[in-house]
Structures are given as C-alpha cells and as structure tokens.
Amino acid sequence: MKKYKKQLLKNAAQDIIVEPIENALGKYVPLRKIFYHIKERNFCQFLESLYDSMKRNKNLSREEVDRLVEEVGNSTSKQYMSTILDNLCFSKGLFAVKILALITSKYMLEEDLDCCDLYLISALNDLYDTDLDTFFHTFMNNSTVIDGVSVLYEYTEENRIVLDKLQNLNIFGRDRTPGRLTDGKQKPLLYEITEVSQRLHCYCKEIIKPCLD
C-alpha cells in the first residue's frame, strides 16, 4: 500500500510540476539546459556546504551527517526543510545557497530556528552574490553612526539600489526622519542595522571572508 501511494505521488509530481516545466522550455533547448544546470549547481553546492558546516561545528563524520539528514526527512514536521529547499531551487547566487546550508545545519543540530533565520530563508531568494558582497563590505563596515543610524556619505548608484533592496526586504531598517542628517548639499544613505542584519553578517563572515583570505 505504501509503495502504491508513493507511486501515485511520484506520478502526480510528474504531471503537475515536471512536465509543465519541460513543455514550457521544450521550444528553447538551450534555456532548458541553463535552467537545469543552475538548479543542479545550487543543490550540489548546498550539500557540500551543509556537510562542511556540520563537520566544522560538531566534527561529524559523513555517516553521522547522513543520519541527521535522514532524521530530518522522517520528522513529523517538514515545514522548515520544505521552505529551505523551495528557496534553494530559485536562489540567484552561490552565497545565498551557502547561507541556506548554514541555516539548515543549525536546524539539524539544534532542531529549531528563530525568527531571524526564518526571515532570512525567504529574503535570500532575492539576493544576488553582488548584493550580499555589497552588504558585507560596504554597509556592515560603515563606521559612521549618528543617533543610532548608519550614515553613508560616499556611495555609488549600485550601492543605493542594493540598499533599497535590503530595506525593502527588511534586512536593514529605515531612518524615519532623513532630513535631519543632510546639509542640503549631500544626500547620505541612511539605514538602521537590525538583529536580522547582524545575523546575516555573521553568516556572510563564514562564507565571504574565507574567499578573500
């Protein structure tokens, strides 16, 4: 009976998900190859980063990691893992994929995620590698703070666009009275570093900084 139900689910997934995508991309073979290549790349990078994170944090063997993965897959509540995998498939860069692996590792080892992690899981879906690099190197390293608000006087148009995105995703907070910090000539970028910002910064230190060392 279980085998029969499993086959029904497999057939349903084929009819509802796989075939429509294949049909939509069928006329554009090169695009279809790119689509599947990116999804495969994301998943392989996710697994590699997940294993590295769990081994680094708990010095687990490959067998122990596999056992934890199986336990999570067999758990009664799969909501967190389902959400992570949904966002993994459509992540726009490898930095986001690696951060999702760090969050997954935390979930497997601690069996829970707080509100910051749950929020970042969805927000990461909209961030490119360049967005996260700008977040890490430009905004989180800005030392000019006035009345609890970070003030960036020198910036590029790309910096401004990225900050808008980060604020729209509520990774950074917005200053409610921007006029108080301008002299009428300069138009500084104002933003508030939040608990979500700090959590994302911690993850970025693990995945971006080693790439520069």
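Think of each chain on its own: its residues are numbered from 1, step by step along the sequence as written. Note on the predicted model: pLDDT of at least 70 is required for a residue's local features to be given, and 80 or more for side-chain atom pairs to be given and counted; whole-chain, interface and lining totals, by contrast, use all residues. Side-chain metrics rest on all non-hydrogen atoms present in the structure, leaving aside hydrogens and water.

K.L.:
Would you take a moment to explain helix H5 (residues 94-110) for this structure?
P.N.:
Side chains of residues three or four places apart in an α-helix project in the same direction, reflecting 3.6 residues per turn. Each helix is a run of H or I in the DSSP string that is no shorter than four residues. Each strand is a run of E no shorter than two, and both are numbered from the N terminus. By definition here, a helix of n residues has an expected span of 1.5 Å times n minus one. Look at H5: 24 Å from first C-alpha to last across 17 residues, which is about the 24 Å you get at 1.5 Å a residue. Among the 17 residues that make up H5, 13 are buried, leaving the element largely enclosed by the rest of the structure. One or two residues past the end of H5 sits Glu111, with phi positive at roughly 60 degrees. Here the term buried applies to any residue with accessible area under 20% of the maximum for its type, exposed to any over 50%, and partly exposed to those in between, with areas from a 1.4 Å probe on protein chains only.

K.L.:
What exactly am I supposed to notice about the pairing of strand S2 (residues 149-152) here?
P.N.:
For a regular strand, side-chain orientation follows a simple rule: the groups alternate between the two sheet faces. Here S2 shows no split at all, with Val149 and Val151 on one side and Ser150 and Leu152 on the other all buried. Two strands are counted as paired when DSSP detects at least two bridges linking them. Bridge count for strand S1 (residues 145-146) against S2 is 2 bridges, and the pairing is antiparallel. Residue pairing for S2: Val145 is matched across the bridge by Ser150. Counting the residues between successive antiparallel strands, the hairpin from S1 to S2 contains 2 residues, one of them, Asp147, with a positive phi of roughly 55 degrees. Strand direction decides the pairing type here: S2 and strand S4 (residues 189-193), joined by 3 bridges, are antiparallel. Bridged to Leu152 within S4 is Leu189.

K.L.:
Explain the nonpolar core here, please?
P.N.:
Most often, soluble globular proteins keep nonpolar side chains buried together rather than apart. In this structure, Ile99, Leu124, Leu132, Phe135, Phe139, Ile171 and Leu200 are the most contacted members of the largest nonpolar core, which totals 43 residues. Of all elements in the fold, only helix H2 (29-58), helix H4 (79-89), H5, helix H6 (115-123), helix H7 (129-139), helix H8 (157-168), S4 and helix H9 (195-207) reach the threshold of two or more residues within this core. In contact with Leu132, other than residues within four places in its own chain, are Phe95, Ala96, Ile99, Leu124, Leu127, Leu200, Cys204 and Ile208. Within this scheme, the nonpolar core is defined by two criteria: the residues are buried Ala, Val, Leu, Ile, Met, Phe, Trp, Tyr or Cys, and they are joined through side-chain atoms within 4.5 Å. Residue contacts are counted whenever heavy atoms from the two residues lie within 4.5 Å of one another.

K.L.:
Hey, could you run me through the sheet that holds S4 in this one?
P.N.:
Picture the strands of a sheet paired through backbone hydrogen bonds; they go either parallel or antiparallel. Spatially, the 4 strands line up as an open sheet ordered S1-S2-S4-S3, and their pairing is antiparallel. The sheet is open, and its two edges are formed by S1 and strand S3 (172-173), each paired on a single side. Helix axes use the C-alpha atoms of the stretch in contact, all axes being lines fitted to C-alpha atoms, and the angles between their N-to-C directions lie in the range 0 to 180 degrees. Across the sheet, H7 is in contact with S2, S3 and S4; its angle to S4 comes to roughly 95 degrees.

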